[in-house]
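What follows is the residue order along each chain.
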Amino acid sequence: MFRSIARLLPLLACAIAPFSAMAQGPANTLQRIQETHSITLGVREAAWPFSFLDDKKAPAGYSVDLCLAAVDEIKRTLKLKELDVKYKVVSGTERIPKLEAGEIDLECGSTTNTKARQDRVAFSNTVFVAGIRVLVPKGVKMDVLQDLAGLPVAVSKGTTSEKLLTQLAVNEVKMQLKVFASDTEAYKAFQDGTVRAYANDDSLLLGMAAKNKAADKVELSKFVLSVEPYAIMMRKGDTELGAVVDRTLNRLFSSRDIDPLYKKWFATEQFNLPMARLSRESFSRPNKEPGVAMILGYSI
């Protein structure tokens, strides 16, 4: 009998090994980067001007530049002569699963740090603060939340806007909520008149309007539904990588090198978005505070 058990032990060890590896927590991404000399950044297709593909289909944007600054710091920290930067386009619904699966190492987009997301991923210090508002054609009254009553309203799948507006549509105002697979599809429905309003982060809404040369034809709601602190996203428990990313950001903030970078993307002929007070305060006092809904009893 004991000989039979002895023969089974190697098989049991093989069976248990994968579960033991899983129990050890996330891999050290910096160690893998040092071994492979490569890093993969998750980017968005059309989150302009934060993260998008330019006319040559190359990743660009404010958040992409911040990630590339972190990549330079990673390269210095690991004393690598070369560090291959790869890119993978992710959607709102894909970004967290692909990060967890190891398909990307950093997500460089327009992702809000929320308490719910903190259960699955980690965030850098805040890099920008937006707020959920509603885009409507110029002249359409949108002073209070109740002005949405009866209107077809677009939201993008996998966003904080979808989460919050879904709650509000049930309990606060009877709007006709329509969920689209991407920001691009939601904005197109708004342009085409399929929907009358489009709820999303104000910075993204203004960016889409500017990109489509429609800034003079639309306006934002007077009400703001949330505070949305954007951050670079990484795997939960990846503390060494997080320390390098935050060190990079804090250096940009303290040296004020963040100012010309901000102006590069937000103070152009095509798009002019002055730095908001909450963004400025986040640069002066780096933090990881999660976003909140502005209406008590609701979450993002």
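Now for a description of the structure that goes with this document. Counting restarts for each chain: residues are numbered from 1 in the order of the written sequence. The predicted nature of this model means local features are confined to residues of pLDDT at least 70 and side-chain atom pairs, given and counted, to a pLDDT of 80 or more, with totals for whole chains, interfaces and linings taken over all residues. The basis for every side-chain value is the complete set of non-hydrogen atoms in the structure, without hydrogens or water.

**Some thoughts on unusual backbone geometry**
Step number 1: At the junction of Trp-48 and Pro-49, the peptide bond is cis and its omega measures out at 0 degrees in the coordinates.
Step number 2: Secondary structure elements are defined from DSSP: runs of H or I of at least 4 residues count as helices, runs of E of at least 2 residues count as strands, and each element is numbered from the N terminus. Here Pro-49 shows up in the loop between β2 (46-47) and β3 (51-53).
Step number 3: With phi around 65 degrees, Lys-57 is a residue other than glycine that occupies positive phi space.
Step number 4: In this fold, Lys-57 is placed in the loop between β3 and β4 (59-60).
Step number 5: Since its relative accessible area comes to 62%, Lys-57 is described here as exposed.
Step number 6: At Arg-256, a position not held by glycine, the phi torsion is positive, near 65 degrees.
Step number 7: Position of Arg-256 among the secondary structure elements: in the loop between α9 (239-255) and α10 (258-266). Type-normalised accessible area, obtained with a 1.4 Å probe on protein chains alone, sets the label of each residue: buried when under 20%, exposed when over 50%, and partly exposed for intermediate values.

**Some points on the layout of surface pockets**
By rolling a water-sized probe across the atoms, one finds the places where empty space is left.
Step number 1: There is about 400 Å³ of room inside the largest pocket.
Step number 2: As defined here, a cavity is a set of points on a 1 Å grid over the protein atoms alone where a 1.4 Å probe fits but cannot get out. A pocket is an open set with protein on both sides within 12 Å along at least five of seven lines, and residues line them when an atom is within 4 Å of a point. Contributing to the lining of the largest pocket are 17 residues, with Ala-46, Trp-48, Phe-52, Lys-211 and Asn-212 lying nearest its centre.
Step number 3: If you list the elements that add at least two residues to the lining of the largest pocket, you get β3, α7 (183-192), α8 (202-211) and α10.
Step number 4: The element that contributes the greatest number of residues to the lining of the largest pocket is α7, accounting for four residues.
Step number 5: Here the nonpolar group is Ala, Val, Leu, Ile, Met, Phe, Trp, Tyr, Cys and Pro; Asp, Glu, Lys and Arg are the charged ones; every other residue, Gly included, is treated as polar. Of the residues belonging to the lining of the largest pocket, the class tally is seven nonpolar, four polar and six charged.
Step number 6: Grid points are joined across faces, edges and corners, and a volume is the space filled by probe spheres set on the points. In this structure, the second largest pocket spans a volume of roughly 270 Å³.
Step number 7: Around the second largest pocket, the lining comprises 19 residues; the ones closest to its centre are Val-129, Ala-130, Gly-131, Asp-202 and Ala-276.
Step number 8: Elements with a minimum of two residues in the lining of the second largest pocket: β8 (128-130), α8, β14 (226-230) and α11 (277-284).
Step number 9: In the lining of the second largest pocket, the residues fall into 13 nonpolar, four polar and two charged.

**Quick notes on the sheet that holds strand β12 (residues 197-201)**
Step number 1: Strands are labelled as partners when DSSP assigns at least two bridges between them. The strand order β11-β10-β12-β9-β13 describes an open sheet built from five strands, whose pairing is mixed. Because the sheet does not close on itself, it has two edges, and the strands there are β11 (176-180) and β13 (218-220). Put simply, the sheet's adjacent strands are angled 30 degrees from each other on average, direction ignored.
Step number 2: Note: strand β9 (residues 132-137) against β12, four bridges, orientation antiparallel. Bridged to Leu-135 within β12 is Tyr-198.
Step number 3: In this description, contact between two residues means that some pair of their heavy atoms is separated by no more than 4.5 Å. Axis lines are fitted to C-alpha atoms, over the contacting stretch for helices. Their N-to-C directions set the angle, which ranges from 0 to 180 degrees. Docked against the sheet, α8 engages β9, β12 and β13, running at close to 120 degrees with respect to β12.

**Some points on the sheet that holds β14**
Step number 1: Spatially, β8-β14-β16 is the arrangement adopted by the three strands of the open sheet, whose pairing is antiparallel. A single partner strand is all that each edge strand has here, and the edge strands are β8 and β16 (292-293).

**Quick notes on the state of the cysteines**
Step number 1: The disulfide criterion is simple: two cysteine sulfur atoms within 2.5 Å. For the coordinates displayed, the defined rule picks out one disulfide.
Step number 2: The residue that forms a disulfide with Cys-67 is Cys-108, at a sulfur-sulfur distance of 2.1 Å. The sign of the S-S torsion, about -105 degrees, decides the handedness of the disulfide formed by Cys-67 and Cys-108: left-handed. Of this pair, Cys-67 sits in helix α3 (residues 62-77) while Cys-108 sits in strand β6 (residues 106-108); the two residues are 41 residues apart in sequence, bridging distant segments of the chain. Across the pair, Cys-108 and Cys-67 agree in class, each one buried.

**A look at the pairing of strand β1 (residues 38-43)**
Step number 1: Among the six residues in β1, six count as buried, and that is most of the element.
Step number 2: In β1, alternate side chains face the same way, and those of Ser-38, Thr-40 and Gly-42 on one face and Ile-39, Leu-41 and Val-43 on the other are all buried.
Step number 3: Sheet topology note: the β1/strand β5 (residues 84-89) ladder contains six bridges and is parallel. In the sheet register, Ile-39 faces β5, and the bridge partner there is Val-85.
Step number 4: Bridging between β1 and β6 involves three bridges; their strand directions are parallel. Each residue of the ladder has a partner; that of Val-43, found in β6, is Cys-108.

**Structural notes on a nonpolar patch on the surface**
Step number 1: Every patch collects residues that have over 30% relative accessible area and no salt bridge, joining them within 9 Å if they carry like charges and within 5 Å if they are nonpolar side chains (Val, Leu, Ile, Met, Phe, Trp, Tyr). All accessibility values rest on the Shrake-Rupley procedure with a 1.4 Å probe; residue burial counts only the protein chains present in the view. Salt bridges are defined as contacts in which a side-chain nitrogen from Lys or Arg sits within 4 Å of a carboxyl oxygen from Asp or Glu. A contiguous nonpolar surface patch, about 240 Å² in accessible area, is contributed by Val-224, Val-292 and Met-294.
Step number 2: One can find Val-224 in the loop between β13 and β14.
Step number 3: Judged by relative accessible area, Val-224 falls into the partly exposed class, the value being 37%.

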